[in-house]
Every structure is written in structure tokens, then in C-alpha cells.
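In case you want the letters, here they are:
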Amino acid sequence: MSDTLLWYTTRGAGAVSLVLLTAVIVLGILSALRVQAAGWPRFLTTGLHRNLALMTLVFLALHIVTAVVDPFTHLGWLTAVVPFSSSYRTFWLGLGTIAFELLLAIVVTSLARGYIGHAAWRLVHWFTYASWPIAVIHGIGTGTDTWSAWLLAITVICVVAVVAAIGFRVTAGSRDPLKEPRTTFQAAAQRRETR
Amino acid sequence: MTRLLDGRDLALGPEGLAEHVQRLGPLPAAGRSFIDVLVRSGLSGRGGAAYPAGLKWQSVAAQSNGTAVVIVNGAEGEPRSLKDRLLMTKRPHLILDGASLAARAVRAKHVVLYIGEEHHAARESMARALAERKDEERRLVRTVAAPARYVAGASSAAVHLVDDGIATPTTAPPSAHERGVDGAPTLVQNVETLAQVALIARTGSSTGTLLVTVAGGVLRPGVLEIQAQTTVAAAVELAGGASEPPDAVLLGGYFGTWMKAANAWGLPLDHDALRARGLSLGCGVIGVLPSSRCVVCEVAGIMRYLASESSAQCGPCFFGLRALADACTAIAERGANSEDLQRLRRWSAEVSGRGACHHPDGAVMFLQSALTTFPDEFAGHRAHLRLSA
Amino acid sequence: MRLAVDRIKCDGHGQCAELLPELIRLDDWGYPIIARADVPDHLVPMAQRAVAGCPVLALALQQRTG
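Residues numbered from 1 in each chain as written. Chains lettered and ligands numbered in written order. Predicted model: local features only at pLDDT ≥ 70, side-chain atom pairs only at ≥ 80, totals over all residues.

**Considerations on the overall build of chain C**
- A count of helices and strands for chain C gives 2 helices and 4 strands.
- The N-to-C order of helical and strand elements in chain C reads β-α-β-β-α-β.
- Relative to the 2.2 N^0.38 estimate, which gives 11 Å for 66 residues, the radius of gyration of chain C is 11 Å and therefore close to what a compact globule would have.
- For chain C, the spread of C-alpha atoms along the three principal axes comes to 30 × 20 × 20 Å.
- Residues classed as buried in chain C amount to 36% of the 66 residues present. (Helix = DSSP H or I, 4+ residues; strand = E, 2+ residues; numbered from the N terminus. Rg over C-alpha atoms; globule rule 2.2 N^0.38 Å. Buried ≥ 20, exposed ≤ 12 C-beta atoms within 10 Å, placed from the backbone.)

**Quick notes on the overall build of chain B**
- Per the secondary structure count, chain B includes 17 helices and 9 strands.
- The C-alpha atoms of chain B give a radius of gyration of 21 Å, which matches the 21 Å a tight globule of 389 residues would have.
- With respect to the principal axes defined by its C-alpha atoms, chain B has extents near 65 × 45 × 40 Å.
- Within chain B, buried positions represent 54% of all 389 residues.
- Across chain B, the fraction of contacts at a sequence separation of at least 24, relative to all contacts at a separation of at least 6, is 71%. (Contact = placed C-beta atoms within 7 Å.)

**Observations regarding the sheet that holds strand β3 (residues 141–146) of chain B**
Residues and elements named next belong to chain B.
- Spatially, 4 strands are ordered β3-β2-β1-β4 in an open sheet, and the strand pairing comes out parallel. The open sheet has two free edges, formed respectively by β3 and β4 (186–190), since each of these has just one partner strand. Neighbour-to-neighbour, the strand axes of this sheet turn through a mean angle of 25°, independent of strand direction.
- As defined by bridge partners, strand β2 (residues 108–116) adjoins β3 across 6 bridges and the pair is classed as parallel. The residue bridging I115 from the neighbouring strand is A145, located in β3. (Pairing = 2+ DSSP bridges. Axes fitted to C-alpha atoms, helices over the stretch in contact; angles between N-to-C directions.)

**Quick word on the interface of chain A and chain B**
- If you look at the interface, chain A gives 13 residues, while chain B gives 18 residues.
- Its residues assigned to classes, the side of chain A that touches chain B shows 5 nonpolar, 3 polar and 5 charged. (Nonpolar A, V, L, I, M, F, W, Y, C, P; charged D, E, K, R; others polar.)

**A closer look at the nonpolar core**
- With 131 residues, the main nonpolar core has V70, I71, V72, A102, V106 and M303 of chain B as its most contacted residues.
- It is helix α14 (residues 315–334) of chain B that contributes the most residues to this core, 10 residues altogether.
- Here V72 of chain B is in contact with I95, A99, V111, V112, L113, Y114, Q189, V191 and L194 of chain B, once residues within four sequence places are set aside.
- Ranked by size, the runner-up nonpolar core spans 23 residues in total, among them V26, I29, A53 and L103 of chain A. (Core = buried A, V, L, I, M, F, W, Y, C linked by C-beta atoms within 7 Å.)

**Description of the pairing of β4 of chain B**
Residue and element names in this part refer to chain B.
- Burial within β4 is extensive, with 5 of its 5 residues counted as buried.
- Alignment of strand β1 (residues 68–74) against β4, held across 5 bridges, turns out to be parallel. Counterpart to N73 in the pairing with β4 is N190.

**Concerning α14 of chain B**
- Between its first and last C-alpha, α14 of chain B extends 28 Å over 20 residues, near the 28 Å set by a 1.5 Å rise per residue.
- Within α14 of chain B, 14 of the 20 residues are buried, which leaves the element mostly enclosed by the surrounding structure. (Expected span 1.5 Å × (residues − 1).)

**Some details on the interface of chain C and chain A**
- Listed as interface residues are 11 residues of chain C and, on the opposing side, 9 residues of chain A.
- The greatest single-element share of the side of chain C that touches chain A, amounting to 3 residues, is contributed by helix α1 (residues 15–19) of chain C.
- Here the side of chain C that touches chain A is built from residues that sort into 4 nonpolar, 5 polar and 2 charged.

**Regarding the environment of F374 of chain B**
Residues and elements named next belong to chain B.
- Mapped onto the fold, F374 is located in the loop between α16 (359–373) and α17 (375–379).
- In this structure F374 comes out as partly exposed when scored by C-beta crowding, with 19 C-beta atoms within 10 Å.
- With 126 residues separating them along the chain, F374 and A248 place their C-alpha atoms 9.2 Å apart.
- Those residues in contact with F374 that sit more than four places away from it in its chain are W258 and V295.

**Observations concerning the sheet that holds strand β8 (residues 257–260) of chain B**
Residues and elements named next belong to chain B.
- The 5 strands are arranged β6-β5-β9-β7-β8 in an open sheet whose pairing can be described as mixed. The sheet is open, and its two borders are formed by β6 (222–227) and β8, each paired with just one other strand. For this sheet the average axis-to-axis angle between neighbouring strands, irrespective of direction, equals 30°.
- The sheet contact formed by strand β5 (residues 209–216) and strand β9 (residues 285–290) spans 4 bridges and is parallel. By the bridge assignment, A215 is partnered in β9 with G287.

See below:
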């Protein structure tokens, strides 16, 4: 396989992964906010969120495999799982490894949700908000010498989309109509002393 | 024949240990075999559900291997009920005897006294009584304050508070006797039931009496110890008689049944007899509503209370009871129309059975009994004239 | 197979009613009313999707008892 082809596949698959991951996060936030419209039921939002997450892993796998196999980068398979273990662009690649592993943990716990329970699943899911920015920084860092307008545009759009979605989430507040009355009641029903 | 309230004059303070032992004899040593005596006595629980005490003890004992927990339920969340507080304040040693027997019968590791945080006299009395007991008993016991909420008296809420520090009901299964505090089989028993147990251990049978609280339009409201099967009319007479001719009687507290006073008088106060008639004695509150008070307004007020006492864990209960209470209040304040009554019927059907505990079911049954017993009062209600101060 | 809702976990997301409208509808406040708890055989796959799709894992499919 030609080296240039591998190189372009790595970068292409990486870009697609970022776009997919961005879509996954936006859909996840829309899910939590219970957004729906005529003809677009909520299970579509969550269904797409899950399916695109699995697709992201597929493109991530392609991105990682082509990067490791590429003779130009001198990466061993270990660099895919041990962060900061490559000599080639140690720091930026290390970030990529971290982002990948966080994502893997999130997907695995989601698939095993029925076994680990809602609370544990939710805890790991929060790592999304770490995985995505690390992936973005990884993308910017590893692409500095071959930066193109394309990639810049894609990165900017992704960042704007996620920042907007997070802004939306933060300002919207909880969509659970029982959250406040439940908290109020629990405060009144708590143990205050024991003898 | 012994009664729960025999002994020291009720106007005086609590009966101390010496007097208690002198009157009734020492607490019999009894272990697991006592459960058979309890089953034979046919004692049913006095917390409201009237579940046979012996059977409950059997299930807990069967699962316990020295790990069980006994919760002495003196929370008395029903606002108009006074019997549990009376027992704790005046006859604490009956309760502690019963708790000790329970702990030995089910081989419990801990005993928890669950007493309302605002019921100070009861807590003080139980604490003082506990201090008089033997070390081996005291070692097992601790006191936990029950929050002043209606649902805090429910078994699963009691277990939840002792376990996790919050008195909200939990989903059953599992129920307390299977997995309760710390996952151990837990016996939650009302204080009146335990007081009866103390007497059963000495005489072999229960007193044949029960405690009721007569409240509302009577001359001497308060707690009465009555023979089982005593009629409602006789109980009201014992409470001094009605202060003015009553229209309605509420039997069984806020989860109970409304009925026309004329229909209530002849009813026997006995769990089984009432259950056969589709009624429930609950925790024994007999509410007498004088004719000068309006049933519709009274019902609306109680519905507002029950709605505000929802633990807000389940949507149908929190929103449903609030909607029902608002609709009742609207009827009380501006009069009824057919839409209001239709909505009451629809929401009642939708709310029932859709909570994790029985709170919404009890509230709906309370409302339904009012609607079926007083349909004209609801349909034709007009806003009352307000007298200016 | 029977449908069962954990009423305390349920937060009224309503996805179960979207996925299984034959058996589940929502009340005035967005919480599920299970009109028929017994799931007919041809609806079991959709019921399984509804169970997996609940964001808080409040819906469960249980073996019929007895």
C-alpha cells in the first residue's frame, strides 16, 4: 500500500471521527434536554446518538490502524494503548491515545449498561466532556505541519457546534420536572440525629 | 382481664420499670418458640395494615441468622392519631418488653426505636425507660428520629431512613422482612402491636382490645381502649358524645373511608369485620365531622395536605395528587361543574397503583369514598359566604 | 413476558411510549401508563427495544410468574 494513501486515510478517518464524535455529543445533549419536534420522536435522537457512537469507533479504528501500519510514523501497536509511548510527536499522539481510551470506556460501559446499572454508567459517561476536547487538541497538534483550510474549517465548525450545545445545556437547566420537589422533600426527610 | 392501659393513672407520668414488673411480673424468657404462641394468639398488626404479627415474625426469623434488625415503629405519621404517642409516653415498658421479645425471637443484632422528631414527650419517656432496662437489652438499642412527614411511618421509609438517612419509601420487592436495613431481614412493628406482645408473653393471649383515637366534633377527643367489635357509636359515646349532630364520619384516618354518620354508627370496630365490608380501620382514627363543617371543604384541605406530603419520587403521585387537590379546592372555592368531576374521576383512575408506595392509592381511595358518599354535596357545592372579621 | 416500570427511577422521558405505543401511553404529565402488562409474542422484540432505550433503565421485561 502506498505511504501517501495510508497517510491520507489516517488523516481522513481522523477528521471523520471528529465530525462523528461532535455529532454524537450534540445528539447526546439534545437527548438529555428531551428535545423533540413534529415527526422527530425522541427515540430517534437517542438511537442516532448510539449508532453514530459505534460508527465513530469504526472510523477511529481505521484511523489508528492506518497510523500504526504507516512506516513513516514508526509507531508500534503499543502506542495505540499506552499514552506518550511514541517517539513520533509524543505529546500530541499521547493525547489521541487518551481520547481513544476514554471513548472506548464510554462505549463499553454503555453496551453493558444493563449489567453495571445506571449510576455507574452515568459516571463514566461524563468522560465524554474530557474525551472530545482532548481529541480536538490531538487533531490540531498532530496536524500543525500539514494544516489545510479544509481541516481548519471542519475543526472550527465542530468546536462551535459543541460549545453551542453545551451553552444550551447549561442555560436550560434540568428537564426532570421532579428534580426540585424531590430535592426539597429529601431535605425535609433526612436523618438529623441518632442516639 | 388485662388491658394495655391498665395500671398507673394516665394523668400521671410514665409507668416506671419497678411498677411495671410489680403489676405484670417479670418479662418471661422466651426465644424463637415464642413465635408459635404469637401465631396462635392471632394478633394482627396495629400500624394500619393489620397483617398477622406471628406470620411476619416467622418470615423474618426464617431468614435471620443472627443478623436481623427490629424497628420499633412509633413514628405515628397520621396527624390525628395519638395512640402510639400515648403508649410511648405512659407505658414505655410494655413496648420495650415487646421489642426485647421480638429481638430474641428473630435473633436480631440491633433494635431501632423509630420515634417522631417532634414527639418530644414520647422520646423522653422512651429514653428514660430504656435507661432502666438491663445492659444486655440496652446494648442492642438505638433511637432514630423519624422526620415529621406522613410517609415517614411507612415500613420501607423507616428502613430507608435507618439505612441511608432519608425517610422516603422505596420500591418493593424486596420488602423489609426480606431485605431491610443493611440488606438484613428487618421486622418493622408498630408500638401498639409490641405492647400487645408483652402481654401475650405473660398470659398467652392478646387483650382483645384495641386503641382508637376519636377526633373532631366530640366532647372528649382522644385515645380510647375499646373491646374489639365495639361499635363506632359506642366509641363516640365513650369520647363524650358528639358536640353537635354529625353528618359524616371518616373511618381510618386520611387513607380511610368517608361515610354518612347514620351508616357508621353500627359498624363494629374490628379489622376483619370491617375488611369484610370493604372498609379499613387503618391506624384507628375515627373522625367525626359535625354538620356545621363542610365535607367538600374538609376533603379539599386533606387532599392538599396529602398532595404536599408526596415524596416526589414518582410523577403520577406528585403531579396527580396535586391536580386532584387543586380540582377539589376549585370545587370548594367556586363551586363544581361537570368537567371538574370528570377530571377527578379520570385522574383518580390514572393515579391509582402508579406510584412506588401506597401513598397515591390511599389518597385516591379517600377521595373516591367522599365522592361516592356525598355526590350531591360535591356536585352542588357553592362557595361559602365569607364572614368578615 | 410482562412489562414492569420502576416508578422511582422513571423520569418521564417517554421513549417507551414512542417505541411501544400499542402497550404504553403517557398520562397528562408525561409518565407511562402500561395499558397491558402482558406482552404478546409479536411485540416482544419491540418491548426489548423499549427496555434498552429507556434512558434511566426504569423499564423491565419479566417472565410471567405462575
